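Descriptive structure summary
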Amino acid sequence: MSADFTIDVEPERDLVRIRMRGFFTTEDIDAFLAERATAHGRLTCGPNQHLTLNDLREMKIQAQESVETFRTMLADPAYRSRRLAFVMGKTLARTQLNRALDQRYARCFEDVATAEAWLFAGTDRAAA
């Protein structure tokens, strides 16, 4: 399955909602980064004050090069979220995500409703 993604912004909630699926090539990641920049331009909150919900349930295992590119992307301070939640199943992709996060503060969930509840819970510390 080739890569596909959507990025929706809810400025009234300071929320960036992302869905990613398939296998990402360098070109796919470049397209994602361009769309992310456009989406962040629609936010009305201050820098790094937004919340991000990323649904990865249909993401395939990625090539090591892509994982490294995602790690660099997640480390970019210009796009850092106040809180970052991922929705995904219990797969090897979760191990790849943890590598890409590289100690970045985030939580993983198995459903959107739980992830969204955590995002809006009002605290910036995740439960262990």
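Report follows, based on the coordinates. Remember, predicted model here, so these are calculated numbers, not experimental data. (Residues numbered from 1 in each chain as written. Predicted model: local features only at pLDDT ≥ 70, side-chain atom pairs only at ≥ 80, totals over all residues. Heavy atoms only, no water.)

1. A word on the nonpolar core
In this structure, M20, F24, L56, F70, L74 and F86 are the most contacted members of the largest nonpolar core, which totals 23 residues. At 4 residues, the largest contribution of residues to this core is made by helix α2 (residues 64-75). Apart from residues lying up to four places away in sequence, F24 is in contact with A3, D4, F5, I29, M59, Q62, S66 and F70. Grouped together as the second largest cluster of nonpolar side chains are 9 residues, V87, F109, A115 and L119 included. (Core = buried A, V, L, I, M, F, W, Y, C linked by side-chain atoms within 4.5 Å. Buried < 20%, exposed > 50% of the residue type's maximum accessible area, 1.4 Å probe, protein only. Helix = DSSP H or I, 4+ residues; strand = E, 2+ residues; numbered from the N terminus. Contact = heavy atoms within 4.5 Å.)

2. Section: helix α4 (residues 112-119)
Residues of α4 that are buried include every one of A115, E116, W118 and L119, and no others. One side of α4 carries all its buried residues, which in axial view fall inside an arc of 160 degrees. Exposed residues on α4 whose side chains face more than 90 degrees from its buried face are A113 and A117. For α4, the secondary structure elements touched by its buried residues are β2 (15-22), β3 (51-59), β4 (83-87) and β5 (107-109). Where α4 begins, the capping side chain belongs to D111, and its oxygen is found 3.3 Å from the backbone nitrogen of A113. (Arc of directions from axis to C-beta. Polar contact = N/O pair within 3.5 Å; in protein donor to acceptor, adjacent residues only side chain to side chain.)

3. Observations concerning the sheet that holds β5
Ordered by their spatial adjacency, 5 strands build an open sheet running β1-β2-β3-β4-β5, and the pairing between neighbours is mixed. Each end of this open sheet is capped by a strand with a single partner; those strands are β1 (4-10) and β5. When the angles between neighbouring strand axes are averaged without regard to direction, this sheet yields 20 degrees. (Pairing = 2+ DSSP bridges. Axes fitted to C-alpha atoms, helices over the stretch in contact; angles between N-to-C directions.)

4. Quick notes on the pairing of β4
Counting buried positions along β4 yields 5 of 5 residues, so the element is predominantly enclosed. The side-chain alternation of β4 yields two buried faces, one formed by R83, A85 and V87 and the other by L84 and F86. Crossover β3 to β4 through α2 is right-handed. Note that β4 and β5 share 3 bridges and pair parallel. Residue pairing for β5: A85 is matched across the bridge by R107. (Right-handed = clockwise from strand over helix to strand, strands pointing away.)

Keep in mind that these numbers describe shape and distance, not what the molecule does.
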